[in-house]
Every structure is written in structure tokens, then in C-alpha cells.
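For reference, the chains in residue letters:
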Amino acid sequence: MHQSFAAAFAATLALSTPLAAQEVTLRFQHFVSPASANPTYFMQPWVDAVQEQSNGRIKVELYPFMQLGGSATSQYDLIRDGAIDGGWIIPSYEPGRFPEAEALELPFMTPKSGEEASDAAWHYTQKHLMDDFADIHLIAAHMHGPGIIHKKGAAPITVEEMAGVKLRGPSRPATDLLTAMGALPVGMPVPSFTEALSRGVVDGGVITWEMAPSLKLDELTDSHTDVAGDDALYNLYFLWAMNKDVYDAMPADLQAVIDANSGLMASRWAGKAHDIGDAEGRMVMEDAGNEIAVLSPEETDRIKALGEDVRATWIADMDAKGFDGAALVQDATDAMTAARGTATE
């Protein structure tokens, strides 16, 4: 009897130990400096949390600067196809592929809090975009803080002073707004911005405060301009995601660790990382002696009117594609309204 129990126990142990001890190594990739805000205040802490909560059974290797290959514009497919296990995606780097996501990026759509905008982005994503992202496993959907105009020379104080200025733009809504303002937008992913500035391909660009130090904008530009009020000039939508098959193959208890660090909480966390970085990045620009400017409420209102034209054109374009553009804008607006005032200290 004792021997039978021992044999049964040994058999059970043999079956259960490999499962209990199963370990997973995940290779996640992004396209910016590891010293920039999202990797510092979200990605690496997220990695640390997942590894700690799994008792080391999940190991996450985080690769900056696209070290595993490919380009920032191909991140979605790299994750979907299993070339990498996970990483950071900007859907707008592939114009037209995820059209409903652009509603979140329309001019003056978002509050200047990345945390609040990310709260709204997660809810909008759940309502409109999960079918678009069905072939990956979504961990977080988030946005950054306010988009700032960084340029060589003096800060513009009127819309007219934007005429003919070559500015890097990150997305279709952002470049459409720059065009409406009279600027000459040049679409490019963030890794290309520093070289384009140093070679004179562009005179500046729109991007966040938090990215400015890692892109050397304290050296390559002279002025940094925000709009008045609580609404961001523009914003950008991001995904933190992993390969669906890799997630599905993980044991349930390890999936639970990923799940515990996913969703609304992770989305707000990623957005707040940008808010922290924005404060730090602005300080670096100030310490460099660069001009920090805010457009007057009157000039901001002029740009908002141009933004309304961009919005109307986007709605018409979406309607022509078979979507209800106005309803998408309303849902994005409602999500932003519900999230305003919810930022944590």
C-alpha cells in the first residue's frame, strides 16, 4: 500500500512538475531609445512586474531601436507573424490599414494628459477596434501627452508664420492639420526624425516633450510651441501587444500574469509614462535655453477651426469607405469626455 502510494505520487509529480515549472521567454521590441519615457516608465516596469509575478517563469527580453530587425512601420506584422513575440505598434504608421483608429488622432480630440487620453483610447478600442486586432493579443492601447511644434528658429506666434515650414508629421490626421495650417508636412516615423533634422530635410516637426531629449531636439531645434487650453494639438495611438499563438500556448497561470498587467490599467500606466516624461523633457529644453512658447487663445482658436475642417473631411472620407464617420468621432469624443479629470498624481 505504501509502495503503491509512493508510485502514484511519483507518477503525479512526473506529470505535474514540467507543467508547473514551464518557463517562457518573450522577445519584445520597440523603436525608440531605452532612455525615453515609455521604455523607462512603462515598458521596463511592465517587464519587471511580469517577471516578478510569474516567479521568474516568464522572462521578457526588451530590445530597443528595432534590434531584432524590421522597421517601426512593420511592427504589427512582425508580431502577428511571430518574427518577434511582442512589442510596441503605431497603427498610423500604416495609413489606411486601421482607419477607425484615426478618430482618436483627430485635431484637438484628446486632453493633454496622456493617462486620461489612454483611458479613453482603451474604451474606444474595446468598442471599435478589437476585430481589427484579432490576429494579435492586445495588452494595452494608449496615447501620449500633448503634441508640440519643435522647430529651428523662433517660435511661430501666428498661423501665417507656419507657411512653408517643413515639419515632420507622424500620422494622416496630423499631416492634414499641418497642411491646413500652411506648413509642408513630411510624414516619417520617429526614428528618422533626428537625421532628417540634422540634414535639413525638415525644419522641425511635431512630437511630444518626452521624446525631445532622446532625439536631441535641445540641440537641433531652437523653439517649442504648444497651443493654449487643455486640448492637445494632435495625438498618436499606440498598441502594446504580443503574438497571439505565443500567448495561447502559455499555461493558464502564466496567461493570468499577462492578463493582470493588461487592459485599462496597463493602458493608463503607459499613458502616464508619457506624462512623466513630458515634464522631464520640457525641463531639458528649458535648461538648454530654447524658447518655450504657447500660442494665444485667439491663434489656438484659428487652428481649432482648421482642425474642424480636417475632422469634417475625415468624416466624409470614412463615410465613403462604408463607416459612420460622425458616430466614430462622437464615440471617441464621449470616451475622452468621460476620462477627463481622472489623471492620478
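Above this note sits the structure.
Residues numbered from 1 in each chain as written. Predicted model: local features only at pLDDT ≥ 70, side-chain atom pairs only at ≥ 80, totals over all residues. Heavy atoms only, no water.

## A short note on the packing of helix α4 (residues 114-128) against helix α10 (residues 264-287)
For any two helices packed against each other, the geometry is given by the interaxial angle and the distance between the axes. Across the interface, α4 lies against α10 with an axial gap of 7 Å and an inter-helix angle of 150°. Compared by their axis directions, α4 and α10 come out roughly antiparallel. Handedness of the crossing formed by α4 with α10: right-handed. Across the interface between the two elements, Gly114, Glu115, Ser118, Asp119, Trp122 and His123 from α4 touch Leu264, Ser267, Arg268, Gly271, Lys272 and Asp275 from α10. For the contact of α4 with α10, the class distribution of residues is two nonpolar, five polar and five charged. (Axes fitted to C-alpha atoms, helices over the stretch in contact; angles between N-to-C directions. Helix = DSSP H or I, 4+ residues; strand = E, 2+ residues; numbered from the N terminus. Parallel < 35°, antiparallel > 145°, perpendicular 65-115°, else oblique. Left-handed = near helix turned anticlockwise from the far one by under 90°. Contact = heavy atoms within 4.5 Å. Nonpolar A, V, L, I, M, F, W, Y, C, P; charged D, E, K, R; others polar.)

## Some thoughts on the pairing of strand β1 (residues 24-29)
Note that β1 and strand β2 (residues 58-63) share six bridges and pair parallel. The partner of Leu26 across the bridge, within β2, is Val60. At this point the chain moves from β1, through helix α2 (residues 37-53), to the parallel β2, and the crossover so formed is right-handed. Across two bridges, β1 lies against strand β3 (residues 86-89) in parallel orientation. The residue of β3 that forms the bridge with Phe28 is Gly86. (Pairing = 2+ DSSP bridges. Right-handed = clockwise from strand over helix to strand, strands pointing away.)

## Details of the side chain of Glu100
Within the fold, Glu100 resides in the loop between β3 and α4. If sequence neighbours within four positions are ignored, Glu100 has contacts with Tyr124, His128, Leu129, Asp132, Met318, Phe323 and Leu328.

## With respect to the sheet that holds strand β10 (residues 237-243)
Pairing within the open sheet is mixed, and its five strands lie in the order β2-β1-β3-β10-β4. Single-partner strands in this sheet number two, and they are β2 and β4 (136-143). Each strand of the sheet is rotated relative to its neighbour by a mean of 20°, with strand direction disregarded. Where β3 meets β10, four bridges bridge the pair, whose relative direction is antiparallel. In the strand pairing of β10, Gly86 is matched with Met242. Sheet strands in contact with α2 are β1, β2, β3, β4 and β10, and its direction is about 160° off that of β2.

## Some details on the packing of aromatic side chains
Given two aromatic rings, their pairing is described by the distance between the two centres and the angle made by the two planes. Under the defined criterion, the tally for this structure stands at eleven aromatic pairs. Both rings, one in Phe31 and one in Tyr93, keep their centres 6.1 Å apart while their planes meet at 50°; by these two values the pair is tilted. With a gap of 62 residues between them, Phe31 in the loop between β1 and α2 and Tyr93 in the loop between β3 and α4 connect regions that are remote in the sequence. The side chain of Arg168 reaches across the aromatic face of Phe193, ending 5.8 Å from its centre. (Phe/Tyr/Trp six-rings, centres within 6.5 Å; stacked < 30°, edge-to-face > 60°. Lys NZ or Arg CZ within 6 Å of the ring centre and 35° of its normal.)

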